[in-house]
Structure formats: C-alpha cells, structure tokens
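Commentary on secondary and tertiary structure
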Amino acid sequence: TVLNPLAFETCYALFRSTCFNCGHFKITYVERIAFYTKLKALKKGIYIPNIETFVGNKTLEEIQKELNSMKGDLTGYEQTSHFETVNSFIKKICIKLTCPRCHAKSPKISKTPTLMIQKTESNELIDTISPQAVKSVISKLYSNESALLAEMYNSANFDQFFIEILPVIPNKFRPANFIGDKVSE
C-alpha cells in the first residue's frame, strides 16, 4: 500500500483532522451537525448565512424536515462553494490540538517534500508514519464519520487515497528480455 500522490493533500488533511484516540473528527457534536447541514443546504441550492443559529438545539430530523420544506436555487449551487466550505472546515479542524469528544491530545503531524507523513511527539522525536498506519486511521475515520465524509467527498470509500498495485513499465534503458519467443522480466 502506498499513498496516492494525486489525493495526498486531501488524505493528509483528513489524517491531521482525525483524533487518533477515538477515530472521529476533532469537532463537537454541534459543529458536526452544523457542517453536515451546511453541505446538505448547499447541495439543494440553499444559502444559510448563520448555520449555527439555524441548527440551534434542533435534532437532525427537525433540521432535515426544515431543509426539505425550503426551496433552493439549484442554479446557484457551485462546486467551488462546496470545495471552499469543505476546505475551510478541514483547516479549522487541523489546528485543533485536543479532541473535544475524548479530550485526547494530538501529536504534531507534518509532511515531507517526498509525500511522507511524520509525527512529532512531545519529546521532539520525529517518526515517519507508514502508509498502512495512515490507511488504518483513515479507515477508522470513514467508519465513524461515514455520513459526513460522504457529503464532503461524494464517496463513502476511502480507497481513493491509496494505491494497492502500482504497475511499473520497463524503461527504454532496461528493455524486456527475450528467451526464445517469450518475454521474460
């Protein structure tokens, strides 16, 4: 397993915004509901200026009913506003050091120019995180936050961030070997 270089930045951002203890986003329940509602409203073409006030103390079912009763302007839905909303949400979570759900403190996560993820512990010891460990954390996040991630990325599958089989074609300096009529590597 290797990290997909085309989806590395998104995978890295998700990894940084995940609590390694409980496997959820480092956000409160109200923030989770507000963000989910904002994404649902955007998809319907509804703009809600102050989403926290709209959500208030309502249940998810009450919010869903209220959204269904609203008429949206689907021509106003632009994917750029969706991406901007998701990106600002992820940036807001990445800077949190403590999980509000389980109160666990997160280590400092950084990336190298060679697209590797590193963890810096409190004693300043830097440790490179294997792609399998990243996949394990992202898998746990996807199982715990499946509805929210499906709204964010229109997919409930985390395999887009990883490559299992990486075919490498021979280059012109190392041509294929021929033994008789058969090609041999």
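As a reminder, the structure under discussion sits directly above these lines.
Residues numbered from 1 in each chain as written. Predicted model: local features only at pLDDT ≥ 70, side-chain atom pairs only at ≥ 80, totals over all residues. Heavy atoms only, no water.

**Considerations on the sheet that holds strand β2 (residues 108-111)**
Here we have three strands laid out as an open sheet, ordered β2-β3-β4, and antiparallel in their pairing. The sheet is open, and its two borders are formed by β2 and β4 (126-129), each paired with just one other strand. Each adjacent strand pair in this sheet contributes to an overall mean axis angle of 30°, direction not counted. As paired strands, β2 and strand β3 (residues 117-120) are joined by four bridges and run antiparallel to one another. The residue of β3 that forms the bridge with K111 is I117. (Pairing = 2+ DSSP bridges. Helix = DSSP H or I, 4+ residues; strand = E, 2+ residues; numbered from the N terminus. Axes fitted to C-alpha atoms, helices over the stretch in contact; angles between N-to-C directions.)

**Thoughts on the packing of helix α2 (residues 29-44) against helix α4 (residues 60-69)**
Closest axis-to-axis distance for the α2/α4 pair is 11 Å, and the angle between their directions is 20°. It follows from the interaxial angle that α2 and α4 lie roughly parallel. When you trace α2 past α4, the crossing you get is right-handed. Counting all contacts with α2, which are made through I33, Y36, T37, K40, A41 and K44, the residues of α4 involved are L60, I63, Q64, L67 and N68. Tallied by class, residues from the contact of α2 with α4 come to six nonpolar, three polar and two charged. (Parallel < 35°, antiparallel > 145°, perpendicular 65-115°, else oblique. Left-handed = near helix turned anticlockwise from the far one by under 90°. Contact = heavy atoms within 4.5 Å. Nonpolar A, V, L, I, M, F, W, Y, C, P; charged D, E, K, R; others polar.)

**Things to note about the packing of α2 against helix α7 (residues 146-153)**
Contact geometry of α2 with α7 gives a least axis separation of 10 Å together with a crossing angle of 35°. In this structure, α2 meets α7 at a crossing whose hand is left-handed. Two secondary-structure elements touch here, α2 through R32, F35, Y36, L39, K40 and K43 and α7 through A147, L148, A150, E151 and M152. Within the contact of α2 with α7, the residues separate by chemical class into seven nonpolar, no polar and four charged.

**Topic: unusual backbone geometry**
One non-glycine residue, H103, lies in the positive phi region at around 65°. Here H103 lies in the loop between α5 (79-94) and β2. Overall, the relative accessible area of 62% leaves H103 in the exposed class. Of note in the backbone geometry, L115 takes a positive phi value of approximately 60° without being a glycine. With respect to the helices, strands and loops of the structure, L115 is situated in the loop between β2 and β3. (Buried < 20%, exposed > 50% of the residue type's maximum accessible area, 1.4 Å probe, protein only.)

**Here we look at the nonpolar core**
With 32 residues, the main nonpolar core has F25, I138 and M152 as its most contacted residues. Put simply, the parts of the chain that give this core at least two residues each are α1 (8-16), α2, α5, α6 (131-144) and α7. In terms of residues, this core owes the most to one element, α1, which gives six residues. With near-sequence residues (within four places) excluded, F25 lies in contact with L14, S17, R32, F89, I90, I93, L141, E145, L148, L149 and M152. (Core = buried A, V, L, I, M, F, W, Y, C linked by side-chain atoms within 4.5 Å.)

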